[in-house]
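Take a look at the letters that make up each chain.
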Amino acid sequence: MDFIKKIWQKVSALGIDNSMERTERKRVRILNQINVLLFLEVPLFMIVHLFTNKWLSLILLFIGIGFLSNLLLNKNKKFSIARTGTFFWFWITVSLFCVFLGEKSGIVHTFYLLALLPFVIYPITQKARIAILVVIALISFFGFYAVRLFYDLERFVVLSENEQNYLFIPVVFTVFTVLCALVGTFAFHNQESEKELLQTLKETEQLNTITQEQNEELATTEKALQEALRQVEKDKEEIVVKNNELQAQEEEMRQTVEELTSVNEQMKLQEEKLRVQVQENKLQLYQIEQQEDLMRSSFEELQEKTEQMEAQEAIMQQAMIEMNRINEELQVSEQRLEKEVERRTAQIASQNKALEHSYLALESKTRTLHQSINYAKHIQNAILPPKMIVKALFSESFVFYKPKDIVSGDFYWVDRKINSDGNMRIAIAAVDCTGHGVPGAIMSMIGYNLLNQFSNQATLEEPHLLVEKLHNGVIQSLQQEHTENRDGMDLSICVYDSEKQTIDFVGAKNPLIYIQDNQLQEIKGTNASVGGAFYKQKKIHFEKHTIDVSKPTTIYLYSDGYQDQFGGKKGRKFMKSKFKKLLFDNHQKTMEEQSKLFRTTFNKWKEDEDQVDDVLLIGLKINS
């Protein structure tokens, strides 16, 4: 305990010296003790939450360093900064603990200590500063309760309700400990004050005794001074007599001094004339020396310039000789170049004729190729279901279809079947084939024909069987088991049952987005393509998902061309998150409005960028 007491006293005395006033020493000692207590309390909470909330532990470590820095400021006698720092570090500690430890932990009571702190660390003469800090503490206290009314602070609390109840006693104990420490400090300082007063009384008594002795000595000295004064009066009379004699002698000496002064003035005038003459002679001599130096410098510069001109003349003569030699070589080179230019001009003319013939042949082939591709576009458009058929099957719907090239690798497909009970099932699919342009168009023709071939009452009741047959049909059509062809397709297909009010969804990599009760839901397809890289897996199980659409539901089928398009101010991709937000923000509009908006948004985003892929987006509203 003695060791702890010595350390406590040593830390409490940081920055204190005997030149300071007693009240100032008292405040500095209290300031040191407060910072030590807070520095020791904060790490205790940091250790408790080291394994529950590392961020809170780091914040507490930072606050502990702040209290330690206040001790160092006191040691360097920066008391004003240390006082302000102590208040605000304590304010930050209380505010953070109120948020993270919860109201039931009792940490709110530490605001009382915060309001009391300015009276302890500042002299009473600084009333304005004390008032401002107390107001800040009170505003923080009431502000904490005000914030709790409008914001849910419980999500930041790191303690459960039981842990808060367990922490209540240590917190109250901490507040009580600080109050006891302050009371103990005041008692200690009162004892020191009493000791100092007793010491002062003893010193006062000693001073009174010394003063009495000095008064007695002064009385004796006064008698001696009176006797000496009488002697001085006698001496004064004698001095007056001698002074009269000295005045007479002084008058004679004054006359003599006046005569000497007159002679001295005449000598000074002559001396001044001689000094002026000497200065004029020195000035003339200096001017002569300056002119001599100037002439010498000019002569040296003249010699240097003459040497430079001679050297430049020699260089110019050498340069003239070299220029004549180069001129002769240039004339020879010029003659050679003229012959070479004539030869190459004839050669280029011959090449231009050959290029012209090649260009005409290429232009003819290109024209034929464009005609073929345009004809292929008409064929592809002819096999795609007319949008009026989609409208007839789904009254509220749209199809946004924008090929990258003349023909497309994306296509949409619809079909319907009615069973013997009169129940109708309608299928609609969005298909993205490998590649785009002509290769993609060929794949789309294969996919479209296979879907028509395998679509029947059984496959529409179990659409995953339709996708599995399509998978095997692509592998067989392209002979992928015996060739290196790896083309395939990603798709999303929905089958609507009008009687059950359900939709069966099957996806091959492509997802389905539907919005119901103002909530956006995404169903991801099976992570496998139809054909292509999965040609070895003939029995892929494509998962079927069933959705209840008895309530108003908006459904979106799409390929990845829309979200992968580059554009905007920074030339970046549109991205899936932005695409989903676009769908959700506009799903309550009519299908016609949505179709125009999605097309306008895409064109505005793309602007001058090239279209990177075919774009297909299908929207349906069920029971709206």
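Quick summary incoming for the structure in this document. (Residues numbered from 1 in each chain as written. Predicted model: local features only at pLDDT ≥ 70, side-chain atom pairs only at ≥ 80, totals over all residues. Heavy atoms only, no water.)

## Focus: the sheet that holds strand E13 (residues 615–622)
An order of E1-E13-E10-E6-E7 is seen for the 5 strands of this open sheet, with the pairing classed as antiparallel. Strands at the two margins of the open sheet, each flanked by one partner only, are strand E1 (397–402) and strand E7 (519–523). Neighbour to neighbour, the strand axes of the sheet diverge by 15° on average, direction disregarded. The sheet contact formed by strand E10 (residues 553–558) and E13 spans 6 bridges and is antiparallel. The residue bridging leucine 557 from the neighbouring strand is isoleucine 618, located in E13. Contacts from helix H12 (residues 576–586) reach strand E6 (512–516), E7, E10 and E13 within the one sheet, and its direction differs from that of E7 by about 135°. Against the sheet, helix H13 (residues 591–606) contacts E1, E10 and E13, and its axis sits at roughly 20° relative to E1. (Pairing = 2+ DSSP bridges. Helix = DSSP H or I, 4+ residues; strand = E, 2+ residues; numbered from the N terminus. Axes fitted to C-alpha atoms, helices over the stretch in contact; angles between N-to-C directions. Contact = heavy atoms within 4.5 Å.)

## Quick word on the side chain of threonine 502
For threonine 502, the location among the structural elements is in strand E5 (residues 502–508). Looking at threonine 502, the relative accessible area reads 16%, which means it is buried. Ignoring sequence-local partners within four residues, the contact set of threonine 502 consists of Val495, Tyr496, Asp497, Thr546, Ile547 and Val549. (Buried < 20%, exposed > 50% of the residue type's maximum accessible area, 1.4 Å probe, protein only.)

## What about the packing of aromatic side chains?
Counted by the stated rule, this structure contains 12 aromatic pairs. Residues tyrosine 401 and tyrosine 412 carry aromatic rings whose centres are separated by 5.9 Å and whose planes lie at 80° to one another, so their mutual orientation is edge-to-face. Placement of the pair is tyrosine 401 in strand E1 and tyrosine 412 in strand E2 (residues 410–418), with a sequence separation of 11 residues. Each member of the pair, tyrosine 401 as well as tyrosine 412, is classed as buried. Ring plane angle 70° and centroid distance 5.0 Å describe the contact between tyrosine 558 and phenylalanine 579, whose orientation is recorded as edge-to-face. On the criterion of sequence distance, the pair formed by tyrosine 558 in strand E10 and phenylalanine 579 in helix H12 is long-range, its members being 21 residues apart. (Phe/Tyr/Trp six-rings, centres within 6.5 Å; stacked < 30°, edge-to-face > 60°.)

## So, the nonpolar core
Counting 54 residues, the largest nonpolar core has Trp413, Ile428, Val530 and Ile618 as the members making the most contacts within it. No other element matches strand E3 (residues 424–433), which puts 7 residues into this core. With residues up to four places along the chain from it excluded, the contact list for isoleucine 618 reads Phe398, Val399, Tyr412, Ile428, Ala429, Ala430, Ile555, Tyr556 and Leu557. (Core = buried A, V, L, I, M, F, W, Y, C linked by side-chain atoms within 4.5 Å.)

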